[in-house]
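# Results of the structural survey
Each chain is listed here by its residues.
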Amino acid sequence: MKLTLRVWRQQNSDADGAMSTYEVDGISADMSFLEMLDTLNEELIVKGEDPVAFDHDCREGICGACSLVINGDAHGPERTTTCQLHMRSFEDGDTIDVEPWRAAAFPVIKDLVVDRSAFDRIIQSGGYISAPTGSAPEAHATPVPKPDADFAFEHAECIGCGACVAACPNGSAMLFTSAKVNHLNVLPQGAPERETRVLDMVTQMDAEGFGGCTLTGECATACPKGIPLPSIAAMNKEWLRATRKARR
Amino acid sequence: MALATRTDRRPSLPRTVWDSTVGKKTVMAVSGLIMLLYLVAHMIGNLKIFFGPGDFNHYAHWLRTLGAPVMRWEWTLWVVRVGLVAAVVAHAVSAYQLSRRDIRARPSKYVHNKPRASYATRTMRWGGIILGLFIVWHILDLTTGTVHPGGYEHLHPYQNVIDTFSTWYGNVIYITAVVALGFHVRHGFWSAAQTLGVGNATRDRALKTCANGLALLLTAGFASVPIGVMTGVVS
């Protein structure tokens, strides 16, 4: 496959960026999108140019490090992570636009790499449970109803990649925050912090400069793990409950 | 007294609600639903125009005696008006502040940009502005009579309505506004349900159907009056 790539190049967070055009040849349809970028970078290094910086880690679709907006879609045209997107999803001769996540809360560090530490701070504000240290408790000691376990697991699938924020026209982190809140709030282990968790995480989310939710549904369409849009309604319900019940 | 054991005092409930994006959306949802309830009642009242001037004018008179003898002439009407103004102001201020925030949160656009959300979703802000301007014109036209075409007569709404809808611009403004209302309600009602935490996967279809039904009902119901005047059914 021969492709034309238009890639966002930006030297650092203070510099102005622009789209640069590159030609890549000899791309196999079985390559992943990141392997295709590796090929481009090898050529750039040989030519003595600065390789394109992009985030990646496990390349198995489970770590949430990769973060590219490909032809206007977060993680590209398939519902998966960029590392699990293969070149067979494209045609020979295609022109592909590659851009970083766009949000005020995710500043560009270099080229396609953005700073997602805002997500870490949201987690730090309440995405934990208070558990005693020591040996693991007996698994049957705390019964969890099957529907609750399924609900928690569905939300625990969130890998925190930030595609929801990238896809949202408001740069909102509601889907991410709701996944984390719902995951823990439905379980008995998360019950002691049920109210403070949702209040604190929403407060931190707002403080990071993410936008509000206007229910456009772009986030759930982009999510590689299929976190559903009603998660946001479930978190809103938890938030409203917490404002009434929180101990002062 | 135990010292320094309670160090994290939380802000008051109104402060928490108003400072949070989720809380402000709740204000929008509640004020929107109040306006929606009013609109359903308003539309039912409007449809009385098809039963002739007697019915319609009597209905307008009844609105002013509502709640008697506890409430005096127009008291209930004024309570409703004050409530509606409060709802409109709360809705608009929240929308303005949230929109400012949303625009700031996404300062740079994608080079490869494609609009994907539905028309109703994308036009909520402009639709809201159109509706706000319409309300001002509508009150100046049919409540105060300031911009009314022809001689405005208080408590003779039947003739006033016919006067308004006998002008081309009256029809254009009104029908544009009720179509904008339909789109606004289509996304707004469903969104309000999500904001208030009523939405879930099982109820989603029912809520969407309800939103579309309400939007269609309100647009058709309100638009029927100018169409009735234009076609001569109401004269």
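Residues numbered from 1 in each chain as written. Chains lettered and ligands numbered in written order. Predicted model: local features only at pLDDT ≥ 70, side-chain atom pairs only at ≥ 80, totals over all residues. Heavy atoms only, no water.

Residue and element names in this part refer to chain A. Spatially, the five strands line up as an open sheet ordered 2-1-5-3-4, and their pairing is mixed. Looking at which strands have only one partner, the edges of the open sheet turn out to be strand 2 (18-24) and strand 4 (73-74). Inspection of the sheet shows strand 1 (residues 3-9) paired to strand 5 (residues 95-99) by four bridges, in the parallel sense. Within strand 5, the residue paired with threonine 4 across the bridge is threonine 95. Lying on the sheet, helix 1 (residues 33-46) is in contact with strand 1, strand 2, strand 3 (69-70) and strand 5; it crosses strand 2 at an angle near 90 degrees. (Pairing = 2+ DSSP bridges. Helix = DSSP H or I, 4+ residues; strand = E, 2+ residues; numbered from the N terminus. Contact = heavy atoms within 4.5 Å. Axes fitted to C-alpha atoms, helices over the stretch in contact; angles between N-to-C directions.)

Taken together, the contact between chain A and chain B spans 47 residues of the former and 41 residues of the latter. When the two sides are added together, the surface that chain A and chain B hide from each other amounts to roughly 3,400 Å², 54% of it contributed by carbon and sulfur. Across the contact surface, chain A and chain B share two salt bridges. Of the charged contacts, one joins Asp206(A) and Arg101(B) as a salt bridge, the two residues approaching to 3.8 Å between their closest N and O atoms. Where chain A touches chain B, the interface holds 17 residue pairs in polar contact (both at pLDDT 80 or more). When contributions to the side of chain A that touches chain B are tallied by element, the ones reaching two or more residues are strand 5, helix 4 (163-167), helix 6 (194-207) and helix 8 (230-245) of chain A. Looking at the side of chain A that touches chain B, its residues break down into 24 nonpolar, 12 polar and 11 charged. (Buried area = accessible area lost by both parts, 1.4 Å probe. Salt bridge = Lys/Arg side-chain N within 4 Å of Asp/Glu carboxyl O. Polar contact = N/O pair within 3.5 Å; in protein donor to acceptor, adjacent residues only side chain to side chain. Nonpolar A, V, L, I, M, F, W, Y, C, P; charged D, E, K, R; others polar.)

In a regular helix each residue adds 1.5 Å, so 31 residues correspond to 45 Å; helix 4 (residues 75-105) of chain B covers 45 Å between its end C-alpha atoms and thus fits that length. For helix 4 of chain B, the full list of buried residues reads Thr76(B), Leu77(B), Leu84(B), Ala87(B), His91(B), Ser94(B), Leu98(B), Ser99(B), Arg101(B), Asp102(B) and Ala105(B). As for helix 4 of chain B, its buried residues are in contact with helix 6 of chain A together with helix 1 (13-19), helix 2 (21-46), helix 3 (53-65), helix 6 (124-142) and helix 8 (168-195) of chain B. (Expected span 1.5 Å × (residues − 1). Buried < 20%, exposed > 50% of the residue type's maximum accessible area, 1.4 Å probe, protein only.)

Enumeration over the complete set of coordinates arrives at 20 salt bridges over all chains. Between Asp111(A) and Lys110(A) there is a salt bridge, with its nearest N and O atoms 4.0 Å apart. Residue class for Asp111(A) comes out buried when judged on its relative accessible area of 1%. On the basis of relative accessibility, which here comes to 21%, the residue Lys110(A) falls in the partly exposed class. In this structure, Asp200(A) engages Arg10(B) in a salt bridge whose closest nitrogen and oxygen atoms are separated by 3.1 Å.

So, about the domain arrangement of chain A. Residues and elements named next belong to chain A. Structurally, chain A comprises domain 1 (3-110) and domain 2 (117-245). A separation of 29 Å is found between the C-alpha centroids of domain 1 and domain 2. Contact residues are listed per partner, giving 16 residues for domain 1 and 19 residues for domain 2. Taken together, both faces of the contact between domain 1 and domain 2 bury some 1,200 Å²; the carbon and sulfur share is 62%. Contact with domain 2 buries surface across domain 1, with Arg79, Ala105 and Phe106 losing the most and accounting together for 41% of the total. The interface formed by domain 1 and domain 2 holds zero salt bridges in total. Linking domain 1 with domain 2 are four residue pairs in polar contact (both at pLDDT 80 or more). (Domains from an automatic or database assignment.)

Moving on, we get to the side chain of Ser20(B). Within the secondary structure layout, Ser20(B) lies in the loop between helix 1 and helix 2. In this structure, Ser20(B) is in contact with Val202(A), Asp206(A) and Trp239(A), ignoring residues within four places of it in sequence.

So, about the UniProt feature "transmembrane region" (unreviewed entry) in chain B. Residue and element names in this part refer to chain B. Mapped onto the present numbering, the UniProt feature "transmembrane region" (unreviewed entry) falls at residues 27-45, 75-98, 119-140, 168-185 and 213-234. Annotated as 100% helix and 0% strand, the span residues 75-98 places its first and last C-alpha atoms 35 Å apart. Span residues 168-185 is 100% helix and 0% strand, its end C-alpha atoms 26 Å apart. (UniProt positions renumbered as here; feature names shortened; annotations may be inferred.)

So, on to the state of the cysteines. Overall, the coordinates contain zero disulfides over all chains when judged by the stated rule. The closest cysteine sulfur to the non-disulfide-bonded Cys213(A) is located on Cys219(A), 6.4 Å from its own sulfur. No disulfide involves Cys210(B); its sulfur sits 20 Å from that of Cys213(A), the nearest cysteine. Using a relative accessible area of 38% as the deciding quantity, one classes Cys210(B) as partly exposed. (Disulfide = S-S within 2.5 Å.)

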